[in-house]
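Chain by chain, the residues run as shown.
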Amino acid sequence: MNEIATEQVLATVAQTIREVIGEDWALDLEIGLETPFGDEIELESIEFVALGERLTQHYGQRLDFPGWLSAMDLDTIIALRVGQLVEHIVRCTSELATA
Amino acid sequence: MHVRTRDGLSLHVQAFGQGPPVVMLHGISGNMMTWYWIAGRLRQRQRVVLFDLRGHGLSELSAQGYGVEAMADDLDAVLRELVAQPVALVGHSYGAMIALAFALREPARVRRMALVEPPYPFAARQAELAQLDGRGAEAVADALLPQPLRDAVIAGGRRGRRFLERGRQLVESTTCFEECRKLQDFPTSALARLAPPLLVINGSQSSCLAGGKQLTSIAPDARHVELSGGHNLPGEAALALSEELARFCHA
């Protein structure tokens, strides 16, 4: 993965997660590529949808959030890490750049 | 995306995919995430519309309007805004009953309908709920919640805490449960004239199974499918359910 792109996307994703949570404790929360969506962040299911919407607003329809999610099996989704979402966004955005 | 209901409430909506339209409704205490993964699987051949029922997900909370006919009005608002042709409806649990209410009222606007674990008849489900009266929140949670949510509540983490807060809000700030407890079943004569083709899907371990088979036998153009699982089929049998629904919606 392009390292600069990854860092930038991670920063955006992490900030968006904090905004979606919208609680004070989240401001200090460290979110990295290895951070699981499950254990520490514990987003509600509807917050995960909201995250997808905000990131789609930011990166455009090319994100295909529902398509990305449904291509994974449910066990993978339960164990999802922030880095997997970042990887997907980097892939979508770099494909458009080279198209 | 948001759609306004007739009484001015804001409903959170998402739409994606291409093809004939299908609207998917979740049940009480759920949200559009109930169907999100399955919707992703349908989107290449269907235009899928998902929305959060009033008082749920990112839709606005209202004090009342949770009866099945009022919720069918909300569905009507979504359809008027986003769907210009006869639509396929897919509902889970209470969402299935909302879809059914709408189809009985406006059969010409419903192309076909899949009811996943409809709590039919209401009378049987109301009797079940009455048995939980006074037994405390833990007993209710144990009886009603799907396993992952039950685990989250017991674990006491953020997800469980937020779910309980939402539930408390629904109970204390709205007439949702009062309205559900007063629901009258659709007349059998009306069900016997139900026009759109119907698919009823139940989990083989669900207490709604017998009612689902009964509903199938009353409706004139209906088929029943049993999948391995309980009441929360979208969570427990997502792949099998997505395949059944893909076949049905594409017919």
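What counts, and at which threshold
Here the residue numbering is sequential within each chain, running from 1 through the sequence in written order. Going through the entries in the order they are written, you letter the chains from A and number the ligands from 1. A pLDDT threshold of at least 70 governs which residues receive local features in this predicted model, and a stricter bar of 80 or more applies before side-chain atom pairs are shown or counted, although totals over entire chains, interfaces and linings include all residues. To get the side-chain values, take all heavy atoms of the structure and skip hydrogens and water. The secondary structure listing takes helices from DSSP runs of H or I that are at least 4 residues long and strands from runs of E that are at least 2 residues long, numbered from the N terminus. C-alpha atoms define the radius of gyration, and 2.2 Å times the number of residues to the power 0.38 defines the globule rule. Note on classification: 1.4 Å probe, protein chains only; a residue is buried when its accessible area is under 20% of the maximum for its type, exposed when over 50%, partly exposed between these limits. Accessible surface is estimated by sampling points in the Shrake-Rupley manner with a 1.4 Å probe; for residues, cover comes only from the protein chains shown. Under the counting rule used here, the positive set is Lys and Arg, the negative set is Asp and Glu, and His together with the chain ends is not counted. Charged groups are reduced to one reference atom each: NZ for lysine, CZ for arginine, CG for aspartic acid, CD for glutamic acid. Only C-alpha atoms enter the line fits that serve as axes; for helices the fit covers just the stretch in contact. Angles between N-to-C directions range over 0 to 180 degrees. The labels follow the angle: roughly parallel below 35 degrees, roughly antiparallel above 145, roughly perpendicular from 65 to 115, and oblique for the rest. In what follows, a contact means two residues having at least one pair of non-hydrogen atoms within 4.5 Å. Under the scheme applied, nonpolar residues are Ala, Val, Leu, Ile, Met, Phe, Trp, Tyr, Cys and Pro; charged residues are Asp, Glu, Lys and Arg; polar residues are all the others, including Gly. We define buried area as the total accessible area lost by two parts upon association, computed with a 1.4 Å probe and summed across both. A pairing counts as a salt bridge when a side-chain nitrogen of Lys or Arg comes within 4 Å of a carboxyl oxygen of Asp or Glu. The term polar contact refers here to a pair of N or O atoms within 3.5 Å; inside protein, the definition further demands a hydrogen-donor-capable atom paired with an acceptor-capable atom, and it admits residues adjacent in sequence only when both atoms are side-chain atoms. When DSSP finds two or more bridges between two strands, those strands count as paired. A clockwise path from the first strand over the helix to the second, with the strands pointing away from the viewer, defines a right-handed crossover. For this analysis, a nonpolar core means a set of buried residues of the types Ala, Val, Leu, Ile, Met, Phe, Trp, Tyr and Cys, connected via side-chain atoms within 4.5 Å.

Peer 1: Would you mind going over the overall build of chain B with me for this structure?
Peer 2: Across its full length, chain B holds twelve helices and eight strands. The globule rule puts the C-alpha radius of gyration for 251 residues at 18 Å, and the 17 Å found for chain B is close to it. With respect to the principal axes defined by its C-alpha atoms, chain B has extents near 45 × 40 × 35 Å. The burial tally for chain B puts 54% of its 251 residues in the buried class. Counting only carbon and sulfur atoms, one obtains 51% of the accessible surface of chain B, whose full area is about 10,800 Å². Distance between charge centroids for chain B: 5 Å, based on 27 positive and 25 negative side chains.

Peer 1: Explanation requested: the packing of helix α6 (residues 147-155) of chain B against helix α7 (residues 158-173) of chain B in the structure shown.
Peer 2: Two numbers describe a pair of packed helices, the interaxial angle and the distance between the axes. Residues and elements named next belong to chain B. Two elements in contact, α6 and α7, have axes whose closest approach is 7 Å; the angle formed by their N-to-C orientations is 100°. By the angle between their axes, α6 is roughly perpendicular relative to α7. Only Arg159, Gly160, Phe163 and Leu164 of α7 make contact with α6, whose side of the interface consists of Leu149, Ala152 and Val153. Looking at side-chain class alone, the contact of α6 with α7 contains five nonpolar, one polar and one charged residues.

Peer 1: Would you mind showing me how to read the interface of chain A and chain B here?
Peer 2: The accessible area lost on association of the parts is a frequent measure of interface size. Every contact between the two is made by 25 residues of chain A and, on the other side, 24 residues of chain B. Overall, the association of chain A and chain B removes approximately 2,000 Å² of surface from exposure, summing both partners, and the carbon and sulfur fraction of that is 54%. It is A:Glu42, A:Glu44 and A:Ile46 that lose the most area in chain A upon contact with chain B, and together they represent 29% of the buried surface on that side. Inspection of the region where chain A meets chain B yields seven salt bridges. For A:Glu23, the salt bridge is made with B:Arg162, and the minimal N-O distance between the two is 3.4 Å. At the surface where chain A touches chain B, the tally comes to 16 residue pairs in polar contact (both at pLDDT 80 or more).

Peer 1: What am I meant to see in unusual backbone geometry here?
Peer 2: Backbone geometry follows two general trends: most residues other than glycine have a negative phi, and most peptide bonds adopt the trans configuration. The omega torsion across B:Tyr120 and B:Pro121 is -10°, close enough to zero to call that bond cis. In this structure, A:Glu42 is a non-glycine residue whose phi angle is positive, near 50°. The class for A:Glu42 is buried, based on a relative accessible area of 17%.

Peer 1: I keep staring at the side chain of A:Thr56 and nothing clicks. Help me out?
Peer 2: All names here are of chain A. Inspection of the secondary structure assignment puts Thr56 in helix α3 (residues 45-59). The class for Thr56 is buried, based on a relative accessible area of 17%. At a separation of 2.7 Å, a polar atom in the side chain of Thr56 contacts the main-chain carbonyl oxygen of Gly52. If sequence neighbours within four positions are ignored, Thr56 has contacts with Gln61, Leu63 and Phe65.

Peer 1: Sorry if this is basic, but what is going on with the pairing of strand β8 (residues 222-227) of chain B here?
Peer 2: Across a regular strand the side chains alternate sides, sitting on one face of the sheet and then on the other. Residues and elements named next belong to chain B. Where strand β7 (residues 198-203) meets β8, six bridges bridge the pair, whose relative direction is parallel. Residue pairing for β8: Ile201 is matched across the bridge by Val225. Crossover β7 to β8 through helix α10 (residues 209-218) is right-handed.

Peer 1: I would appreciate a short explanation of the nonpolar core in the present structure.
Peer 2: Generally speaking, nonpolar side chains in soluble globular proteins are found buried as a group. In terms of nonpolar packing, the biggest core is built from 59 residues, with A:Phe37 and B:Met24 touching the most fellow members. For A:Phe37, the residues in contact, after removing those within four places along its chain, are A:Ile17, A:Glu42, A:Leu43, A:Phe48, A:Leu51, A:Leu80, A:Arg81, A:Val82, A:Leu85 and B:Arg159. Membership of the second largest hydrophobic core comes to 45 residues, among which are B:Val13, B:Phe122, B:Leu183 and B:Ala219.

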